[in-house]
Amino acid sequence: MQISIVWIRNDLRFHDNTALVQAINDAQENDRLVFAFYLDPKQFKIGSNSHDYFFSSLNSFYKNCLEKGINIYFLYGDILNCFDELLNNFKNIKKIYFNVDEYGYGEMRDKKVTNFLKERDIEVLSYHDHYLHSAKDIRKNDNSHYKIFTPYYNKWREGFKEEELEVDYDKLMKIIFNDFKDNDALGKDKFYELIDNIKRDFSLFTGEEKARKVLKDFLNLKLSKYDNNRDYPSIDGTSRLSCFLSTGQISIREVYNNIIKMPPSNGKEVFLKELAWRDFYNMIYHFYPNQHNEEIIEKYRNISWSYDEENFKKWKEGHTGFPIVDAAMRQLKEEGWMHNRLRMIVASFLVKDLLIDWRMGEKYFSEMLIDYDSASNIGGWQWASSVGLDAAPYFRVFNPTTQSQKFDPEGQFIKKYVKELISIPNTYIHEPYRYIKQLNNQYGIEIERLYPKPIVDHKMQRLRAIEMFNI
Ligand SMILES: Cc1cc2nc3c(=O)[nH]c(=O)nc-3n(C[C@H](O)[C@H](O)[C@H](O)COP(=O)(O)OP(=O)(O)OC[C@H]3O[C@@H](n4cnc5c(N)ncnc54)[C@H](O)[C@@H]3O)c2cc1C
């Protein structure tokens, strides 16, 4: 009997899980398959939304496995010790299957483990699975990578997209190997401990079935109007698939294939472009591995950012005195998700109004977002900060008030999250300070008790930001 391991990671699903399907298809009659999950202490962000969502999703996948009669072998601790333990516990492991990470810490970890396993004569079979096109797929004619999105997108549209892979469940159930004691696997206790300590339970928004339902609702109810509605945070007009995609609870090919089958519409075209941005940022992070810490545009590496903790706190808590920024930041804290338009507004505000280092914002998002994905998050932050490839030009400074007037004209979104503004007349909702000042003059009500006055003067900060970039 030979054992193959399927190393599960941010691909928490059965359907169209490339590594899993390949492992099942490759197996001979006497081969056996073990599911393994490595709990990486370096990646825990205990108490954060991103951590709680990931572990709620892992728990959901684990329960799905148990229902099917599949156990998971959890590993916890130093990665090479863990794989050593795995090889010792199952003497006849011949192959390890997994879906690769193409950037950042995950890519380094995969390389380290691959070398370790190869030295021990274990065959390592790794696959591209997480994106429609892997980082090296879409190239210019001279074979270099793209730096600008539009030509990348044109090539991306033409590129061949893989078909979805079906799981042969009958075969899987014949070859699955569960004959290990849970207490042999040191990680099981740690897994239960992590699940017990989840602060915010996101389980209702996890799982393969839920992801499929969210996709179906999007196709039926939102896709055809996506182009018009996607910019208005008070409208539920976007897919809400990001958390399922970042944890792999739905395959990107399943999303793409369903979209492609829909009748032509502007909504469909715009949506495909968003999927391409996801691939684009994966590609960029792959080719600029220091991007998490370093501006891609070299001349901006010497900007003297502010590290003002007080203003940073006001931004995080949603107390800046700019209602659209405050509503968005409160939504992020309460729900772990923020609308794309608002991500752009609050990121621009942090960097170009408060002049604070984008890395501080990126780190905060990495903890607060349930859809946290390092490539898209760093890409989004470098875009808003004008320091990345094909980013917003440095002189484009979002005006939080006009953005608010344009994308939340009635203030519906603002009033949902900034409750203290609920009875402010609509004409003042984007600049409540003006109204409160009137109240103050008329009745002597203290301004800051109702809602803070703007913590900065946007016009002045805009000029300072432009000056700061002028190096
Ligand atoms: C500062 C900043 C940080 C961001 N951080 C993340 C992050 O950590 N994780 C993340 O998934 N997205 C991130 N985004 C991109 C985008 O905001 C979210 O993907 C989107 O809001 C998720 O909601 P949705 O699924 O309803 O999106 P939809 O509008 O329905 O889009 C469909 C899918 O396309 C992809 N997508 C859409 N817009 C983008 C984009 N600009 N860049 C990359 N992929 C995109 C996502 O996978 C999304 O689920 C960030 C954007 C900014 C400006």
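Predicted model only: the values in this text are computed from it and were never measured.

J.: Would you explain the pairing of strand β1 (residues 3-8) in this entry?
T.: On any regular strand, side chains alternate: one points to one face of the sheet, the next to the other face. The element β1 is largely enclosed, with a buried count of six among its six residues. Side chains of β1 alternate between two faces, with I3, I5 and W7 and S4, V6 and I8 buried alike. One ladder, built from six bridges, connects β1 with strand β2 (residues 32-39); its direction is parallel. Paired with I8 across the strands is F37, a residue of β2. Note that the unit made of β1, helix α1 (residues 18-26) and β2 has a crossover that is right-handed. In the sheet, β1 pairs with strand β4 (residues 93-99) via four bridges, with the strands oriented parallel. Among the inter-strand pairings, I5 is bridged to a residue of β4, identified as I96.

J.: Help me out: how do you make sense of the nonpolar core in this one?
T.: General note: in soluble globular proteins, nonpolar side chains tend to be found buried as a group. W156, V255, W315, V325 and F365 are the most contacted members of the largest nonpolar core, which totals 91 residues. At nine residues, helix α12 (residues 266-287) tops the list of elements feeding residues into this core. Setting aside chain neighbours within four positions, we find W315 in contact with T320, V325, M329, V346, F349, L350, L354, G361, Y364, F365 and W381. Among the nonpolar cores identified, the runner-up in size contains 35 residues, and F54, Y62, I70 and Y97 belong to it.

J.: Please clarify how the UniProt feature "site: Electron transfer via tryptophanyl radical" (unreviewed entry) in the protein should be interpreted in this entry.
T.: Feature annotation in UniProt places "site: Electron transfer via tryptophanyl radical" (unreviewed entry) on W305, W358 and W381, given in this structure's numbering. For the annotated residues, spread through 77 residues, the largest C-alpha to C-alpha distance comes to 14.4 Å, consistent with a single compact locus. Residues in contact with W358, not counting those within four places in the same chain, are Q291, H292, E294, E295, W305, V351, I378, W381, Q382, S385 and V387. In this structure the side chain of W358 is engaged in a polar contact, spanning 3.0 Å, whose partner is the side chain of E295. Tracing the backbone shows W381 in helix α17 (residues 374-384). Owing to a relative accessible area of 2%, W381 belongs among the buried residues under this scheme. Residues contacting W381, with those up to four places away along its chain left out, are W315, A347, L350, V351, W358, G361, E362 and F365.

J.: Quick question: what am I supposed to make of the sheet that holds β4 here?
T.: Strand pairing in a sheet is mediated by backbone hydrogen bonds. Such pairs are either parallel or antiparallel. Spatially, β3-β2-β1-β4-β5 is the arrangement adopted by the five strands of the open sheet, whose pairing is parallel. Strands at the two margins of the open sheet, each flanked by one partner only, are β3 (72-76) and β5 (123-127). Going from strand to strand, the sheet's axes swing by 25° on average, the running direction of each strand aside. Taken together, the five bridges between β4 and β5 define a ladder with parallel strand orientation. Bridged to Y97 within β5 is L125. Running over the sheet, helix α3 (residues 79-89) touches β1, β2, β3 and β4 and is turned about 140° from β3. Contacts from helix α7 (residues 187-196) reach β2 and β3, with the element oriented near 85° to β3.

J.: Help me understand the site of the ligand in this model?
T.: Close to the ligand lie 27 residues, the nearest being Y226, T238, S239, R240 and N340. Between D371 and the ligand, the recorded distance is 2.9 Å, taken from a backbone N or O atom to a nitrogen atom. Taking D373, its main chain carries an N or O atom lying 3.1 Å from an oxygen atom of the ligand. In the complex, 95% of the free accessible area of the ligand, which totals 820 Å², lies under the protein chains. Of all elements in the fold, only α10 (242-246), α12, α15 (340-353) and α17 reach the threshold of two or more residues within the shell around the ligand. When residues in the shell around the ligand are grouped by element, the largest group, six residues, is from α12. When its residues are assigned to classes, the shell around the ligand shows 14 nonpolar, seven polar and six charged.

Thresholds applied
- Residues numbered from 1 in each chain as written.
- Predicted model: local features only at pLDDT ≥ 70, side-chain atom pairs only at ≥ 80, totals over all residues.
- Heavy atoms only, no water.
- Buried < 20%, exposed > 50% of the residue type's maximum accessible area, 1.4 Å probe, protein only.
- Helix = DSSP H or I, 4+ residues; strand = E, 2+ residues; numbered from the N terminus.
- Pairing = 2+ DSSP bridges.
- Right-handed = clockwise from strand over helix to strand, strands pointing away.
- Core = buried A, V, L, I, M, F, W, Y, C linked by side-chain atoms within 4.5 Å.
- Contact = heavy atoms within 4.5 Å.
- UniProt positions renumbered as here; feature names shortened; annotations may be inferred.
- Polar contact = N/O pair within 3.5 Å; in protein donor to acceptor, adjacent residues only side chain to side chain.
- Axes fitted to C-alpha atoms, helices over the stretch in contact; angles between N-to-C directions.
- Near = heavy atom within 4 Å.
- Areas by Shrake-Rupley, 256 points an atom, 1.4 Å probe, with all protein chains shown as cover.
- Nonpolar A, V, L, I, M, F, W, Y, C, P; charged D, E, K, R; others polar.

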